[in-house]
Amino acid sequence: LPEQVLVDGQPAKALLSREDRLWLVLPEGSHLLQLEGRLASRETIQIALPLKSHRVEATVEGWQLEGLHEDGLADDNLQLTRAATGKDKDKPAEASAALQAGALPPLVRVEREVQIGMLWQADTRVVRETPPGSAVVLEVPLLPGESITTADVRVQNGKALVNMAPTVTEVSWHSLLQERPQLELITAKNTSLTEVWRLSVSPIFHVELSGIPVVRQQDSSGTRLPEWRPWPEEKVTVAISR
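Note that the structure is a prediction, hence the values are computed from the model and not measured.

What counts, and where the lines are drawn
Counting restarts for each chain, with residues numbered from 1 along the sequence as it is written. Whole-chain, interface and lining totals are the exception, using all residues; otherwise, since this is a predicted model, local features are given only for residues with pLDDT of at least 70 and side-chain atom pairs are given and counted only at 80 or more. Side-chain numbers here rest on the full set of heavy atoms in the structure, without hydrogens or water. Think of it this way: any DSSP run of H or I at least four residues long counts as a helix, any run of E at least two long counts as a strand, and we number them from the N terminus. Here the globule rule is a power law, 2.2 Å times the number of residues to the power 0.38, and the radius of gyration is based on C-alpha atoms. Exposure classes here rest on a 1.4 Å probe applied to the protein chains alone. A residue is buried below 20% of its type maximum, exposed above 50%, and partly exposed in between. Any two residues having at least one pair of non-hydrogen atoms within 4.5 Å are treated as being in contact. Accessibility throughout is a Shrake-Rupley quantity obtained with a 1.4 Å probe, and a residue counts as covered only by protein chains that appear here. One side-chain nitrogen of Lys or Arg within 4 Å of one carboxyl oxygen of Asp or Glu is enough to make a salt bridge. Any two strands are treated as partners once DSSP identifies two or more bridges connecting them. All axes here are fitted lines through C-alpha atoms, helices being fitted over the stretch that makes contact, and every angle between N-to-C directions spans 0 to 180 degrees. Patch definition: residues above 30% relative accessible area lacking any salt bridge, with like charges linked at up to 9 Å and the nonpolar side chains Val, Leu, Ile, Met, Phe, Trp and Tyr linked at up to 5 Å. Under the pairing criterion, centres of Phe, Tyr and Trp rings, with the six-membered ring standing for Trp, must be within 6.5 Å; the plane angle then separates stacked pairs below 30 degrees from edge-to-face pairs above 60, leaving the rest tilted. Scored from 0 to 100, pLDDT reflects the predictor's confidence in each residue.

1. Some points on the overall build of the protein
Along the protein, the regular secondary structure elements total one helix and 21 strands. Its C-alpha radius of gyration of 22 Å places the protein more than 25% over the 18 Å reference for a compact globule of 242 residues. Taking the principal axes of the C-alpha coordinates as reference, the protein spans close to 70 × 45 × 30 Å. Taken over 242 residues, the protein has a buried fraction of 31%. The contacts of the protein with a sequence gap of at least 6 include a subset with a gap of at least 24, amounting to 64%. When the accessible surface of the protein is split by element, carbon and sulfur atoms take 52% of a total near 16,000 Å².

Here it is in structure tokens:
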């Protein structure tokens, strides 16, 4: 919460706090609104935008901003992540071990089902593991040769930009994959997500698997559907031939 709210340089006169949101009465017209306050020692801060903004411009220093599009449009939630500095890296572990009040850091499960057949495609589900009540803003790396076909899913630098509102428990998308003789599945270097991989192969293809072992060979109906639950940076290599 801000310690000071100014409207056109003067203290605001009509503020209302309701449902963890701060509302302000403004007269008609254009106004300059300033919110100032001290920030607790936290690594991430989320800013909800319950009313759709026409355009957002940001200047940040020492922080990374997520949830803002290149054309000035913003998602329903913005997230600021503190940028690590050389001084922060040199601090002893005890200095950052203090408990912090607030929501748990986000954790999601990314389930990918790769289908090799007449069409090479993938279905991805991102499921919230932490309790609802706070937004989840993160990047999910795409598979090699993956092109998302589902509308309204933003992609930047080979990653899907996921922005889940506080009440949303999962998001999903469908993708097409480029055909290639070998497909590598590699876990992202991100402590905010865990992954589950499943592979469905048409009888017209032969696959050879290498890497971490399969944890399950069939689904509940008895259909062959190898499944992996990798640890960070583990991988599976799928060699594919007709």
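2. Topic: the environment of T124
Checked against the element boundaries, T124 lands in strand β10 (residues 120-128). Along the primary structure T124 and V155 are separated by 31 residues, whereas in three dimensions their C-alpha atoms are 14 Å apart. In contact with T124, not counting residues within four places along its chain, are V110, E111, R112, E146, V171, S172 and W173.

3. Describing the pattern of salt bridges
Counted under the stated rule, the structure contains 16 salt bridges. Its salt-bridge partner being R154, residue D75 comes within 3.8 Å of it at the nearest N-O pair. Pair noted here: D75 is in strand β8 (residues 74-82) and R154 is in strand β13 (residues 154-156), with a separation of 79 residues, a long-range link. Considered together, D75 and R154 belong to a single accessibility category, that of buried residues. Of the charged contacts, one joins R198 and E227 as a salt bridge, the two residues approaching to 3.0 Å between their closest N and O atoms. Of the two residues, R198 is situated in strand β17 (residues 193-201) and E227 in strand β20 (residues 224-228); the sequence distance between them amounts to 29 residues.

4. So, the sheet that holds strand β6 (residues 44-48)
A sheet is described by the order of its strands in space; here three strands give the open sequence β6-β8-β7, paired in antiparallel fashion. The two strands at the open ends of the sheet, each matched to only one other strand, are β6 and β7 (63-68). Strand after strand, the sheet turns through a mean of 15° between neighbouring axes, direction not considered. Taken together, the five bridges between β7 and β8 define a ladder with antiparallel strand orientation. Directly across from W63, in β8, lies its bridge partner R82.

5. A short note on a nonpolar patch on the surface
Taken together, the side chains of L1, L15, L22, L33 and L35 define a hydrophobic patch exposed on the protein surface, amounting to about 520 Å² of accessible area. The residue L22 is located in strand β4 (residues 21-24) in this model. Residue L22 is classed as partly exposed on the basis of its relative accessible area, which comes to 36%.

6. As for unusual backbone geometry
At D152, a position not held by glycine, the phi torsion is positive, near 65°. Its location among the elements puts D152 in the loop between β12 (146-148) and β13. The class of D152 is exposed, set by a relative accessible area of 81%. Despite not being glycine, E233 shows a phi value in the positive range, around 70°. Relative to the elements of secondary structure, E233 occurs in the loop between β20 and β21 (235-241).

7. Describing the pairing of β10
Along any regular strand, the residues point their side chains to alternate faces of the sheet. Burial of β10 is extensive: seven of the nine residues sit out of reach of the surface. Note: strand β9 (residues 108-116) against β10, nine bridges, orientation antiparallel. Paired with R112 across the strands is T124, a residue of β10. Linkage of β9 to β10, two consecutive antiparallel strands, is achieved through a turn of three residues.

8. Quick notes on the packing of aromatic side chains
The full count for this structure, using the stated rule, is one aromatic pair. Between W120 and F205, the ring centres sit 5.8 Å apart and the planes meet at 80°, which makes this aromatic pair edge-to-face. Here W120, found in strand β10, pairs with F205, found in the loop between β17 and β18 (206-211); they are 85 residues apart in sequence, far enough to count as distant.

9. Focus on the confidence of the model for the protein
Residues of the protein with pLDDT of at least 70 account for 92%, and the chain-wide mean is 87. Low pLDDT (under 50) marks residues 93-98, which in the prediction has zero contacts with non-local residues, meaning those over four places away or in another chain.

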